[in-house]
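# Summary of structural features
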Amino acid sequence: MFCREHVERIVKDCFTSYGGSQLDTPVFERKDILTDKYGEDAKLIFDLMDQGGEQLSLRYDHTVPLARYLAMTLANNPQSKLWQVGKVYRRDSPVMSKGRMREFSQADFDISGAWDTMIPDAEILSLLCTILTRLDVGEFTVKLNHRKILDGIFEVCGVPEIKIRSISSAVDKLDKVPWSEVKKEMCEEKGLDPAVADRIGDYVKHKGGEELLASLLTDSALLANASAKQGLSEISLLFTLLKAYKVIDKISFDMSLARGLDYYTGIIYEAIVAASAPPGLKADATVDASETPLKHKKKSAKKGKGEEDDEIDESTVGVGSIAAGGRYDNLVSSLLSAASGEGKKNAGTPCVGVSIGLDRIFAILYPKWIEKGMRQKETLAFVMAVGDGLLEERVKLVTELREGGIKTDFFAKTKPKLPAQFAAGEKDEVPFAIIVGGDELKEGLVTVKEQKWEVKEGKKVKIESTDKGVKVERDKLIEWLKKSQTFKDWQAGKW
């Protein structure tokens, strides 16, 4: 859990560094609040019913609950930066080793209100890059696109307006299945003309950076479309800001990125790493996460009514994207309109945000944490006694150390044997063993023995030492510990 807490601490520290205020929403919402917000993913929502028969659902993400909160408090929150860390729920096929679960933790940061174009969007992308860099997830890429560009492409290619959202949902699968499968879904399942699908393919197969943007800006057909023209103009401004934030090198302008959620209206993005891809496929954070569909383990018997879906073969599954988000300018106003009645329009509340998958990041970082021999606890000192147990003196010393900012533990026995106390401290890899004895107490001294561990052949072992420790004056113990290199390294995050 220490590794997981370490991840959350960094994320929360970055959230507050960017001026965010914390929000906490309930884990369930009225079902009608969540309805029609998630497109084809709506089938993954967990439905509930309370004792009075009210239809409820577990939250699918933090975005819609945030929008509901903003709709309720709009008069007091015309502009805000809000963050939330908590559990969300999806009726998906779990893959525990890859951080894919039905209950999992997400960390969200959202900026709401009317601001100048693309400034909040660039701020969010800078925040995301800062977090992933500080977490040391390895090489990562933030794939970026714009819903207005994508919608413009569909219009230019001849997609009927009524099919745009469903075709967008199909394109969004390009990071999981090859183009041939996406085209098959478009044409055979959604009734799109194959010629139209081919024209879409000519666009969505491209990715790059400023050179791709420059190429699109010479496409007269796209520029003739109002939606695509506005999207390209905004992306151009965004690139300028991302250079100022010094994160442009982490961005890939990816025309295949669609993000299937219905509420997105502007830029969309998701972050991937090498582990996003299934094992044996692409291991490059600068390319698509996958080109093959998930495989399922076969079961010997047919499923009965109410039985779970086939179990996913974990060997064919990657972690997937570790963060994603985008702009959603109409979500708050849609909730206000629903509350005020049919036909009533409400002024929009522009919003842009990002969701970070903490469990997926943990799935990436924890093996590295173990490989490096990182600790599982934060305890820095373990107070021990020789002789008669000295329980009262141990408790006094533990209290002093804790009050002085030293995380300290002791063996909760009246008269413990010294080897048992050392074993307890070594189990938690506590670097400082602080030993009190009758003679030392009279002299106002304690013995401090520093302990170290190393990784040998993939296993963490204690470094044996003949050092008997050093005598330290009791009233200077806290100062002595804080001046030690071990304490300084700990404060610097070297665990």
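Just so it is clear, the model here is predicted, and its values are computed rather than measured. (Residues numbered from 1 in each chain as written. Predicted model: local features only at pLDDT ≥ 70, side-chain atom pairs only at ≥ 80, totals over all residues. Heavy atoms only, no water.)

### Some points on the confidence of the model for the protein chain
The share of residues in the protein chain with pLDDT of 70 or more is 87%, and the mean pLDDT across the chain is 86. Low pLDDT (under 50) marks residues 283-308, which in the prediction has 63 contacts with non-local residues, meaning those over four places away or in another chain. (pLDDT = per-residue confidence, 0-100. Contact = heavy atoms within 4.5 Å.)

### A look at the sheet that holds strand 4 (residues 55-58)
With respect to topology, three strands assemble into an open sheet ordered 2-4-3, the strand pairing being antiparallel. Of all strands in the sheet, those with a lone pairing partner are strand 2 (28-30) and strand 3 (47-49), marking the two edges. The mean inter-strand angle of the sheet, taken between neighbouring strand axes irrespective of direction, is 40°. As paired elements, strand 2 and strand 4 share three bridges and run antiparallel to each other. Counterpart to Glu29 in the pairing with strand 4 is Ser57. (Pairing = 2+ DSSP bridges. Helix = DSSP H or I, 4+ residues; strand = E, 2+ residues; numbered from the N terminus. Axes fitted to C-alpha atoms, helices over the stretch in contact; angles between N-to-C directions.)

### Observations concerning helix 1 (residues 2-17)
Spanning 16 residues, helix 1 covers 22 Å between terminal C-alpha atoms, matching the ideal 22 Å at 1.5 Å per step. Residues of helix 1 that are buried: Phe2, Cys3, His6, Val7, Ile10, Val11, Cys14 and Phe15. Following helix 1 by one or two positions, Gly19 has its phi on the positive side, about 85°. (Expected span 1.5 Å × (residues − 1). Buried < 20%, exposed > 50% of the residue type's maximum accessible area, 1.4 Å probe, protein only.)

### Points about the packing of helix 5 (residues 147-157) against helix 8 (residues 194-204)
Running from N to C, helix 5 and helix 8 cross one another at 145°; their axes reach a closest spacing of 9 Å. The two elements helix 5 and helix 8 meet at a crossing, and its hand is right-handed. Judged by residue contacts, Leu150, Ile153, Phe154, Val156 and Cys157 of helix 5 engage Val196, Arg199, Ile200, Tyr203 and Val204 from helix 8. The residue makeup of the contact of helix 5 with helix 8, split by class, is nine nonpolar, no polar and one charged. (Left-handed = near helix turned anticlockwise from the far one by under 90°. Nonpolar A, V, L, I, M, F, W, Y, C, P; charged D, E, K, R; others polar.)

### Let's talk about the sheet that holds strand 14 (residues 408-410)
The strand order 14-13-15-16-19 describes an open sheet built from five strands, whose pairing is mixed. For this open sheet the edge positions go to strand 14 and strand 19 (470-473), each flanked by a neighbour on one side alone. Within the sheet, the average angular offset between the axes of one strand and its neighbour, ignoring direction, is 35°. By the bridge criterion, three bridges tie strand 13 (residues 381-385) to strand 14 in an arrangement that is parallel.

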